[in-house]
Amino acid sequence: MSHSGGDSSAGRFSRRGALAGAGLFLGGAAVAEGARRLLAPAPVDVPGINPRSDAWYDLRLTGDGLMDNQLLWFLGHTAHGQSDVGECLETAKRIQAGDEKSWFDEWLRTAQRVHGLASAAEKKGHRLSAGSAYARAANYYRAATMHYTDTADPRLLEVTRSAATTFEKSNGLLGYAVEPLDIPYENTTLPAYFIRSPHAEPSAPILLLHQGLHAWPEETKWVWDGAYKRGYHVLLFHGPGQGRALRERGLSFRPDWEKAVTPVIDAAERISGVDPKRILLMGLSFGGALAPRATAFEKRIALCIANPGVLSWWEATSRHFDRFIPGVLSFLKSNPERFDQAIFRLADGWPTAKYWLRDVFWKHGARAPSELFRKLEEFDNTSIVERIQCPVLIMEGVAEDASPGQSQKLYDALRGPKHLMLFTQEDAGPLHCQAASAALAEQRLFDWLDENV
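On a predicted model such as this, the values are computed, not experimentally measured, just so you know.

**Q** Sorry, what's going on with a nonpolar patch on the surface here?
**A** A cluster of nonpolar side chains, contributed by Leu61, Val85 and Leu89, occupies part of the molecular surface with about 220 Å² of accessible area. Mapped onto the elements of the fold, Leu61 is located in the loop between helix H1 (35-38) and helix H2 (65-75). The exposure class assigned to Leu61 is partly exposed, which follows from its relative accessible area of 42%.

**Q** I keep staring at the pattern of salt bridges and nothing clicks. Help me out?
**A** Pairing between side chains becomes possible if they bear opposite charge and their charged atoms approach one another. Evaluated as defined, the whole model comprises 28 salt bridges. Note that Lys333 and Glu377 form a salt bridge whose closest N and O atoms lie 3.3 Å from each other. One end of the pair, Lys333, is in helix H12 (residues 328-334); the other, Glu377, is in the loop between helix H15 (369-376) and strand S7 (392-397), and 44 residues separate them in sequence. Bridged by salt links that share partners, the residues Arg161, Asp182, Arg244, Glu248 and Arg249 form one connected network.

**Q** Looking at this model, I keep getting lost on the sheet that holds strand S3 (residues 204-210). Mind explaining?
**A** Hydrogen bonding along the main chain pairs the strands of a sheet, whether they run parallel or antiparallel. Spatially, 8 strands are ordered S1-S2-S4-S3-S5-S6-S7-S8 in an open sheet, and the strand pairing comes out mixed. The sheet is open, and its two edges are formed by strand S1 (178-185) and strand S8 (418-423), each paired on a single side. Each neighbouring strand pair of the sheet contributes to a mean axis angle of 20°, computed without reference to strand direction. Pairing geometry for S7 and S8, over 6 bridges, is parallel. Of the residues in S8, the one forming a bridge with Gly397 is Phe423. Contacts from helix H10 (residues 287-297) reach S3, strand S5 (274-284) and strand S6 (303-307) within the one sheet, and its direction differs from that of S5 by about 145°.

**Q** Teacher, can you tell me more about the side chain of Asn381 here?
**A** Here Asn381 shows up in the loop between H15 and S7. Accessibility expressed as a relative area gives 5% for Asn381, which makes it buried. Dropping the residues within four chain positions of it, Asn381 is found in contact with Ala289, Pro292, Arg293, Val310, Leu311 and Ser312.

**Q** Explanation requested: the packing of aromatic side chains in the structure shown.
**A** Each aromatic ring pair is specified by the distance between its two centres and by the angle formed by the two planes. Within the structure shown, the criterion is met by 16 aromatic pairs. Ring centres of Trp56 and Tyr57 lie 5.1 Å apart, and the angle between their planes is 75°; on these two criteria the pair is classed as edge-to-face. By relative accessible area, Trp56 is classed as partly exposed at 42%. Between the aromatic rings of Phe167 and Trp224, the centroid separation amounts to 5.9 Å while the plane-to-plane angle is 85°, which identifies the pairing as edge-to-face. Residue Phe167 is located in helix H6 (residues 154-174), and its partner Trp224 is located in helix H7 (residues 221-229); the two are separated by 57 residues in the primary sequence. The exposure class of Phe167 is buried, given its relative accessible area of 2%.

**Q** Teacher, can you tell me more about the environment of Cys88 here?
**A** Note on placement: Cys88 falls in helix H3 (residues 85-94). Remark: the alpha-carbon pair of Cys88 and Phe74, spanning 14 residues in sequence, is separated by 7.3 Å.

**Q** Explain the environment of Glu179 here, please?
**A** Structurally, the position occupied by Glu179 is in strand S1. Classification of Glu179 as partly exposed rests on a relative accessible area of 42%. Those residues in contact with Glu179 that sit more than four places away from it in its chain are Ala192, Tyr193 and Phe194.

**Q** Is there a simple way to explain the side chain of Arg94 in this structure?
**A** Position of Arg94 relative to the elements: it lies in helix H3. The exposure class assigned to Arg94 is buried, which follows from its relative accessible area of 19%. Residues contacting Arg94, with those up to four places away along its chain left out, are Ser102, Glu106, Arg109 and Thr110.

**Q** I tried to follow the packing of H2 against helix H5 (residues 127-146) on my own but got confused; where do I start?
**A** Each pair of packed helices gets described by two things: the angle between the helix axes and the distance between those axes. One can describe the packing of H2 onto H5 by two numbers: an axis separation of 11 Å at closest approach and a directional angle of 165°. When the axes of H2 and H5 are compared, the pair comes out roughly antiparallel. For the element pair H2 and H5, the recorded crossing hand is right-handed. Contacts between H2 and H5 involve Gln70, Trp73 and Phe74 on the former and, on the latter, Asn139, Arg142, Ala143 and Met146. In the contact of H2 with H5, the residues fall into 4 nonpolar, 2 polar and 1 charged.

**Q** How do you make sense of the pairing of S7 when you look at a structure like this?
**A** Along a regular strand, successive side chains alternate from one face of the sheet to the other. Taking burial as the measure, the 6 residues of S7 include 6 buried ones, the bulk of the element. Side-chain alternation along S7 places Val392, Ile394 and Glu396 on one buried face and Leu393, Met395 and Gly397 on a second face that is also buried. In the sheet, S6 pairs with S7 via 3 bridges, with the strands oriented parallel. Following the sheet pairing, Ala306 is matched in S7 by Ile394. Following the backbone out of S7, through helix H16 (residues 406-413) and into the adjacent parallel S8, one traces a crossover that is right-handed.

Criteria and thresholds
- Residues numbered from 1 in each chain as written.
- Predicted model: local features only at pLDDT ≥ 70, side-chain atom pairs only at ≥ 80, totals over all residues.
- Heavy atoms only, no water.
- Patch = residues over 30% accessible without salt bridge, like charges linked within 9 Å, V, L, I, M, F, W, Y side chains within 5 Å.
- Areas by Shrake-Rupley, 256 points an atom, 1.4 Å probe, with all protein chains shown as cover.
- Salt bridge = Lys/Arg side-chain N within 4 Å of Asp/Glu carboxyl O.
- Helix = DSSP H or I, 4+ residues; strand = E, 2+ residues; numbered from the N terminus.
- Buried < 20%, exposed > 50% of the residue type's maximum accessible area, 1.4 Å probe, protein only.
- Pairing = 2+ DSSP bridges.
- Axes fitted to C-alpha atoms, helices over the stretch in contact; angles between N-to-C directions.
- Contact = heavy atoms within 4.5 Å.
- Phe/Tyr/Trp six-rings, centres within 6.5 Å; stacked < 30°, edge-to-face > 60°.
- Parallel < 35°, antiparallel > 145°, perpendicular 65-115°, else oblique.
- Left-handed = near helix turned anticlockwise from the far one by under 90°.
- Nonpolar A, V, L, I, M, F, W, Y, C, P; charged D, E, K, R; others polar.
- Right-handed = clockwise from strand over helix to strand, strands pointing away.

Right under this line is the structure:
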């Protein structure tokens, strides 16, 4: 994904906005007091780790606030048949708070059980029942990978492949025309799926869809199924640093995201029935920073959708660090080796910190906090935003916690056609990427697209 949010004082640690909570694992240390304070034990009451809100989205089911946020994301998939409430909650009950292996093992256990139900139904000729169960199993395989960074575990790659093959099988049984693709990219390929809409005109728009730091585009069914039902073709793809591109190809994130999007557009233009003048690009979560960057350089994009909008991912990240530890960035730059030592030592004694560090190192191809920050500084659209000429739709929840304030900054900086679509507390859709509000998000997104594309 990063799916929960809250009022401005809550400071929650969100799933897909893992970088947003990066400062949490540094505790309450002040940089002026030096590295000694950075080595202090983690505080007991950390916002986001032990939620204190009475908001409906602070579930407190697993005993770990970050895992609860991730659980909420999958609970929200019930609206589109990719999960069931009981299956999710029963899995959560078995998970040990803060234990990566437990998260992986228990979601895998649920995925395999539901996969077994699907296989049994298929053998008896119950195609729809089997397809529905396979769809849930595929999502649970993806859930297992979300909070697991042990790349030495061979099961990680096995589960990644199971998620893909089970997704493909479910679509075949449910009647979706989904074609697996391997899009040429530098010396390798990007995994992708083309979903042809049976309701499309002879020459129809195509929506290119990618996710952000954690989620896979396959699980964002409210987007691709909403498009499918309304006559838009869809091309889901895993960019560098994401999903299968990360786990199968070993590709890490890159700031010049147009280098990933251009070959995807090349592939889209070769597909029959696609209108090359109506190529839409949508990025969610961290993808709300990546998609605008690509749009600034790739002029074949007719419309960009950023959910949420991000002018500077670097600014959003550094703001969280400065909030929890004023002056920490200047300390990091003045003594990076000592800072690295402190962070590694602290992470060794705090599972949430260790998970975050391993996760972002892996996805950005970094080995030390100082190296990671040098990479993150490049994810900033401020200097190139004026190059964006096509219309931009920004979707923003009022409880956005991964990159708060960035949607408005992107909106203000854009010089071309633009629209800011807000989701409020009254909508019951205020969270990051409209987590747990997929039906509402689908309706509002596609009503807008139908009126403007």
